[in-house]
Amino acid sequence: HGMGNSVHLREDSVEPSPPAKGVLRVYGMKFCPYVHRLKLVLAAKGVKHETVNINLKSKPKWYFAKNPAGKVPTIECDGIVIYESDITSEYADAVYPGRKLATTEPLKLAKEKMLLSHWAQTVSNGFYRYGYSKDDEVKATAVEVAKTGFVKLAAYLESNGSTFICGSQPGLTDYMLYPHLERMNAILPVKLSQYPPLKAYFDKMQGDPAVQACRFSDELHCEFVNKALAGSKEAYDIGP
Ligand code: GSH
């Protein structure tokens, strides 16, 4: 699977030796939307890499030397270590061969970055606050915020006038947004298909080979969230 299928290393794990010369390694977690961003970028560009998955409920101490926040994704190649999903994705887009994914026209790029920064609020409500809460009131509020976010995104797509946010092919901003759309559509009671511009966009994204390589079923996303919410260390290792 595009998100990697190795068992997630735990606190008691031995630090793996550094990647071989020229090999790109991604420290990830199979269900993390931020790792998903980077994986989509690597898949779209055809960048070969290895994956070391980290159990985030039993973090190995050695991992903090790579990323002091102990979060994923982190990349490592020839002694270079970089973390944060947007930073690693932009770096990979800049240094690896394959189709250039980042928007270069300054105004278009500024608009895309504003969209992403507004979207972050929708995501934290619609995905994290809804999925990881047991409180009905919190959930109801989260759904309302997500709906507002969907309306705004639908309006952006309509006025943008191209199939994808970045143009006629999915670009960096599409890949930064998509992982949360996939999870919100799976987890929330409100669905993207209820917003015609979002349905059209989501359907087109599903047809993209990079998206297909990293896709998990809605059922598996829900199973993961439920197991993670229950505090299970085994949650990370479910699925293909
Ligand atoms: N701002 C970070 C990025 O964009 O890469 C967020 C990454 C993130 O929060 N990843 C989660 C994580 O590593 C997993 S989905 N959580 C472990 C923790 O926060 O301790």
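Thresholds, definitions, all that
Residues numbered from 1 in each chain as written. Predicted model: local features only at pLDDT ≥ 70, side-chain atom pairs only at ≥ 80, totals over all residues. Heavy atoms only, no water. Helix = DSSP H or I, 4+ residues; strand = E, 2+ residues; numbered from the N terminus. Expected span 1.5 Å × (residues − 1). Buried < 20%, exposed > 50% of the residue type's maximum accessible area, 1.4 Å probe, protein only. Arc of directions from axis to C-beta. Bend = angle between axes of the 7 residues up to and from the residue. Core = buried A, V, L, I, M, F, W, Y, C linked by side-chain atoms within 4.5 Å. Contact = heavy atoms within 4.5 Å. Near = heavy atom within 4 Å. Polar contact = N/O pair within 3.5 Å; in protein donor to acceptor, adjacent residues only side chain to side chain. Areas by Shrake-Rupley, 256 points an atom, 1.4 Å probe, with all protein chains shown as cover. 1 Å grid on protein atoms, 1.4 Å probe; cavity = no way out; pocket = protein on both sides within 12 Å on 5 of 7 lines; lining within 4 Å. Sits in = over half its atoms within 2 Å of the grid points. Nonpolar A, V, L, I, M, F, W, Y, C, P; charged D, E, K, R; others polar. Points joined across faces, edges and corners; volume = space filled by probe spheres on them.

> Explanation requested: helix H8 (residues 218–229) in the structure shown.
Because each turn of an α-helix spans 3.6 residues, side chains separated by three or four positions in sequence point in the same direction. Taking 1.5 Å of rise per residue, 12 residues should cover 16 Å, and H8 covers 17 Å from first to last C-alpha, within 8% of that figure. Residues Leu220, His221, Phe224, Val225 and Ala228 constitute the buried set of H8. Axial view of H8: buried residues confined to an arc of 135°, hence all on one face. Opposite the buried face of H8, by more than 90 degrees, sit the exposed residues Glu219 and Asn226.

> Where do I start with helix H5 (residues 172–187) in this structure?
Relative to the 22 Å expected for 16 residues at 1.5 Å per residue, H5 spans 24 Å between its end C-alpha atoms, a close match to the ideal helical length. The sharpest bend along H5 reaches about 30° and sits at Tyr178, with the proline Pro179 one to four residues further on. For H5, a buried count of 16 out of 16 residues is recorded, marking the element as mostly surrounded by other parts of the structure.

> Any chance you could explain the nonpolar core here in plain terms?
Counting residues in each nonpolar core, the largest one holds 57 residues, and the members touching the most others are Phe150, Tyr175 and Phe224. Elements represented by at least two residues in this core include exactly helix H1 (33–45), helix H3 (106–131), helix H4 (136–160), H5, helix H6 (196–206), helix H7 (209–213) and H8. The element contributing the most residues to this core is H5, with nine residues. Contacts of Phe150, omitting those with residues within four sequence positions, involve Trp119, Met184, Leu188, Val190, Leu192, Tyr195 and Leu198. Listed in part, the 10 residues of the second largest apolar core include Leu38, Val47, Cys77 and Tyr96.

> Sorry if this is basic, but what is going on with the site of the ligand here?
The full set of residues close to the ligand is Cys32, Pro33, Tyr34, Leu56, Lys59, Lys71, Val72, Pro73, Glu84 and Ser85. Lys59 has a polar side-chain atom sitting 2.4 Å from an oxygen atom of the ligand. Contact distances for the ligand include 2.9 Å between an oxygen atom and a backbone N or O atom of Val72. Alone, the ligand offers 510 Å² of accessible surface; in the complex the protein occludes 74% of this. Among the cavities detected, the one that contains the ligand is the second largest pocket. For the shell around the ligand, the per-class residue count stands at six nonpolar, one polar and three charged.

> Please explain the layout of surface pockets as it appears in this structure.
A water-sized probe, rolled over the atoms, reveals where empty space remains. Size it by volume and the largest pocket reaches roughly 360 Å³. If you go around the largest pocket, you meet 20 residues; those closest to its centre are Arg37, Asp86, Leu116, Ser117 and Met176. Listing elements by their share of the lining of the largest pocket, those giving two or more residues are H1, helix H2 (85–95), H3 and H5. Per-element tally for the lining of the largest pocket: the top contributor is H3, with 10 residues. Residue composition of the lining of the largest pocket, by class: 10 nonpolar, five polar and five charged. Taken as a whole, the second largest pocket spans an internal volume of roughly 260 Å³. If you go around the second largest pocket, you meet 14 residues; those closest to its centre are Tyr34, Lys71, Val72, Pro73 and Glu84. Mapped onto the lining of the second largest pocket, the elements with two or more residues apiece are H1 and H2. Taken together, the residues of the lining of the second largest pocket sort by class into six nonpolar, three polar and five charged.

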